Number of protein chains: 2
Amino acid sequence: MAAFPEPPAHAGWLRTVAAEVRTFDRSSTAERVAELLRHRVIEGDLPPGTRLSEEQLVEVLHVSRNTLREAFRLLTHEGLLVHRLHRGVFVPELDEDDLVDLYRLRRTIECDVVRRLERLDPVRLRPLHDDVAAGEDAARRGDWVAVGTANMRFHQHLVALADSARIDETAARLLAELRLAFHTVAAPQRLYAPYVSRNRTLLDLLVTGETDRAAKELEVYLHDSEAQLVQAYRKRPRRNP
Amino acid sequence: MAAFPEPPAHAGWLRTVAAEVRTFDRSSTAERVAELLRHRVIEGDLPPGTRLSEEQLVEVLHVSRNTLREAFRLLTHEGLLVHRLHRGVFVPELDEDDLVDLYRLRRTIECDVVRRLERLDPVRLRPLHDDVAAGEDAARRGDWVAVGTANMRFHQHLVALADSARIDETAARLLAELRLAFHTVAAPQRLYAPYVSRNRTLLDLLVTGETDRAAKELEVYLHDSEAQLVQAYRKRPRRNP
DNA sequence: TCTAGAGAGTTGTTCAACAATCCCTCAAGA
DNA sequence: TCTTGAGGGATTGTTGAACAACTCTCTAGA
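As the structure is a prediction and not an experimental result, all values here were calculated from the model. (Residues numbered from 1 in each chain as written. Chains lettered and ligands numbered in written order. Predicted model: local features only at pLDDT ≥ 70, side-chain atom pairs only at ≥ 80, totals over all residues. Heavy atoms only, no water.)

A. Quick peek at the protein's contact with DNA strand D. Around DNA strand D there are 22 residues in total, and Thr29, Asn66 and Thr67 of chain A together with Arg51 and Arg69 of chain B lie nearest to it. Here the atoms of DNA strand D within 4 Å of the protein split so that 74% fall in sugar or phosphate, with bases taking the remainder. The separation between a phosphate oxygen of DNA strand D and a polar main-chain atom of Thr29 of chain A is 2.4 Å. When residues of the surface near DNA strand D are traced back to their parent elements, those giving at least two are α4 (65–77) of chain A together with α3 (54–61) and α4 (65–77) of chain B. Of all the elements, α4 of chain A adds the most residues to the surface near DNA strand D, at 3 residues. (Near = heavy atom within 4 Å. Polar contact = N/O pair within 3.5 Å; in protein donor to acceptor, adjacent residues only side chain to side chain. Helix = DSSP H or I, 4+ residues; strand = E, 2+ residues; numbered from the N terminus.)

Written out as structure tokens, the structure reads:
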């Protein structure tokens, strides 16, 4: 996220220093708290509907209420928390309409990115290869959480081919929100499993440069994904039926 | 933005009360401050690059620093302000890359929305008719600020046809950021003028249901718009050349 | 069964203080 | 002349406490 000035090419060691500094602490307390909570939410440790009490979190995280609220805001903007006036912040409970909405925008962005691809340097597909391989590997191990992560990364890297910071950001938010939905259904394995091989198919089409076919395949892919998720959603266990 | 429970149909007068309350104070102080600043930024009263001093604004607006900072955060998320650690918030200075990026996402969303339109109820085009008329009227009067506003509303209403809250939100941010760019060029009239009639053309195609042609027209439209804006940008007056 | 109201608990907002950082200036040194 | 580094003023980052405003729940009373 943070933009650092590129060190001059001749100063090789500066590169590594810059890399270290980047990981160092160029962030505010609120951002670090947000990062911590973000993981909790994305990993599903905090189930949708959970209220995040200011009092409790201030105690646990050893930050002031103001700083905590700042972190809340950051996550609210990412769609990972919702804020209700005078009631606090909650992990969002997405309903079916949200799913449809999410997939609508997702199809718009992802398919359009693929459709507009041209003169693609094969090197740029490298991250996608890695993600597909990671997904296949995790599937073999039966590690479905890792499959989910690999899938998310695949799609994030896919839109990254567009070279647009704002598209990246929009997609990131989209995928994070979508991940919330997966946590509310009973058996995410069933949902992720088919897409391990479909990601491979998609990647093959990109390698051979068949972007139009890839775009169409992705369109169907996302429609199927949506349908399955919606179906799983209707059977989901709920606390307030 | 805020979702209110609909009053029961039989209680007619409640409707008007609800409408009043809506405008009343169903918002936090921070939101009201943000609304105030938002207008200043969008209208161009605060030129890009301006730093918004906490000290000064706290004095003028009679709110606490914390509340002000919360308002800053809201606007930062909308892309109307940028925040630099330990340096404060600034009105963003978009560069040419930002313009290209903005238009990239804009084409993706707007064209895709139009392309996917089907079975469109003519009633839903009503707001678009109004916006086009408002634009034409403002152009006749020579009120270019109003032309700009009408144009923005036209495009906002256009994507609204997709019925997607998240698409609306993304587009809103996009258009707001873009408006910043228009404030940095010398003669915005030249830029807005051609699109008064092009919006009309586009709308006509939607009325007759020729969505594919409309999508293609919009694609060209946005490319032209981008090219002109970039060109105007290169000639823009700058403080630090 | 419904309503009004009291009370507890939580969030919204403000304030004042201190810590951390940036930015400018200026002087010493190569 | 250019670079480097050390002040020092100004601004932002963070904290904790206090009070106001609001929601939610429960109960008394009609």
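Structure shown, so let's carry the discussion forward.
B. Broad picture of the interface of chain A and chain B. At the interface, 33 residues of chain A touch 33 residues of chain B. Here chain A packs against chain B, burying approximately 2900 Å² in sum over the two surfaces, 45% of which is carbon and sulfur. If you sort the residues of chain A by the area they bury against chain B, Arg104, Arg116 and Arg166 of chain A come out on top, with a joint share of 25%. One can count 14 salt bridges joining chain A with chain B. For Glu169 of chain A, the salt bridge goes to Arg173 of chain B, with nearest N and O atoms at 3.3 Å. (Contact = heavy atoms within 4.5 Å. Buried area = accessible area lost by both parts, 1.4 Å probe. Salt bridge = Lys/Arg side-chain N within 4 Å of Asp/Glu carboxyl O.)

C. How the structure looks around the environment of Arg141 of chain A. Residues and elements named next belong to chain A. Within the secondary structure, Arg141 is located in helix α6 (residues 126–141). Arg141 gets classed as exposed once you look at its relative accessible area, which sits at 52%. A polar side-chain atom of Arg141 sits 2.8 Å from a polar atom in the side chain of Asp137. (Buried < 20%, exposed > 50% of the residue type's maximum accessible area, 1.4 Å probe, protein only.)

D. Structural detail: the pattern of salt bridges. The full count for this structure, using the stated rule, is 58 salt bridges over all chains. Note that Glu118 of chain B and Arg119 of chain B form a salt bridge whose closest N and O atoms lie 3.6 Å from each other. Judged by its relative accessible area of 75%, Arg119 of chain B is exposed. Put simply, Arg104, Arg107, Glu219 and Glu226 of chain A together with Asp112, Arg115 and Arg116 of chain B are held in one network by salt bridges that share partners.

E. Representation of unusual backbone geometry within the structure. Not every positive phi belongs to a glycine, and His86 of chain A is a case in point at roughly 65°. Owing to a relative accessible area of 78%, His86 of chain A belongs among the exposed residues under this scheme.

F. Geometry of the relation of the copies chain A and chain B. The operation relating chain A to chain B is a screw motion whose rotation component is 180°, with 0.0 Å of axial translation and a residual RMSD of 0.1 Å. Taken together, the rotation and translation relating the two chain copies correspond to the operation of a two-fold axis. (Least-squares fit on C-alpha atoms with pLDDT ≥ 70 in both.)

G. Layout of the sheet that holds strand β1 (residues 51–52) of chain A. The strand order across the open sheet built from 3 strands is β1-β3-β2 (chain A), with neighbouring strands paired in antiparallel fashion. Looking at which strands have only one partner, the edges of the open sheet turn out to be β1 and β2 (82–84) of chain A. (Pairing = 2+ DSSP bridges.)

H. Quick peek at the packing of helix α5 (residues 96–115) of chain B against helix α7 (residues 144–160) of chain B. Residue and element names in this part refer to chain B. At a closest axis distance of 8 Å, the pairing of α5 and α7 adopts a crossing angle of 55°. Between α5 and α7, the interaxial angle falls into the category oblique. Relative to α7, α5 is oriented so that their crossing is left-handed. For the pair α5 and α7, the contacting residues are Arg106, Ile109, Glu110, Val113 and Val114 in the first and His155, Leu158 and Val159 in the second. Split into classes, the residues belonging to the contact of α5 with α7 amount to 5 nonpolar, 1 polar and 2 charged. (Axes fitted to C-alpha atoms, helices over the stretch in contact; angles between N-to-C directions. Parallel < 35°, antiparallel > 145°, perpendicular 65-115°, else oblique. Left-handed = near helix turned anticlockwise from the far one by under 90°. Nonpolar A, V, L, I, M, F, W, Y, C, P; charged D, E, K, R; others polar.)

I. Representation of the sheet that holds strand β3 (residues 88–90) of chain B. Residue and element names in this part refer to chain B. Here we have 3 strands laid out as an open sheet, ordered β1-β3-β2, and antiparallel in their pairing. Edge positions in the sheet fall to β1 (51–52) and β2 (82–84), since each has one partner strand and no second. Sheet topology places β2 next to β3; 3 bridges connect them, and they run antiparallel. The partner of Arg84 across the bridge, within β3, is Gly88.

J. Representation of the packing of aromatic side chains. Residues and elements named next belong to chain A. Inspection of every chain in the model, using the stated rule, returns 4 aromatic pairs over all chains. A ring pair is formed by Phe182 and Tyr192, whose centres lie 4.6 Å apart and whose planes are at 10°; its orientation type is stacked. Of the two residues, Phe182 sits in helix α8 (residues 165–184) while Tyr192 sits in helix α9 (residues 188–207), which places them 10 residues apart along the sequence. Here Phe182 falls in the buried class, since its relative accessible area comes to 8%. (Phe/Tyr/Trp six-rings, centres within 6.5 Å; stacked < 30°, edge-to-face > 60°.)

K. Spatial organisation of the nonpolar core. Core analysis: the largest hydrophobic core is formed by 126 residues, its most contacted members being Leu206 and Leu229 of chain A together with Leu206 and Leu229 of chain B. In contact with Leu206 of chain A, other than residues within four places in its own chain, are Val114, Leu117, Leu125, Leu128, Leu158, Leu161 and Ala214 of chain A. (Core = buried A, V, L, I, M, F, W, Y, C linked by side-chain atoms within 4.5 Å.)

L. Highlighting helix α2 (residues 29–43) of chain B. Residues and elements named next belong to chain B. The end-to-end C-alpha separation of α2 is 21 Å, in line with the 21 Å expected for 15 residues at 1.5 Å each. Among all positions in α2, only Ala30, Val33, Ala34, Leu37, Arg38, Val41 and Ile42 are buried. Viewed end-on, α2 has its buried residues packed into an arc of 160°, placing them on one side of the element. On its buried face, α2 sits against β1, α3, α4 and α8 (165–184). Once α2 ends, the next one or two residues include Gly44, with phi positive near 90°. (Expected span 1.5 Å × (residues − 1). Arc of directions from axis to C-beta.)

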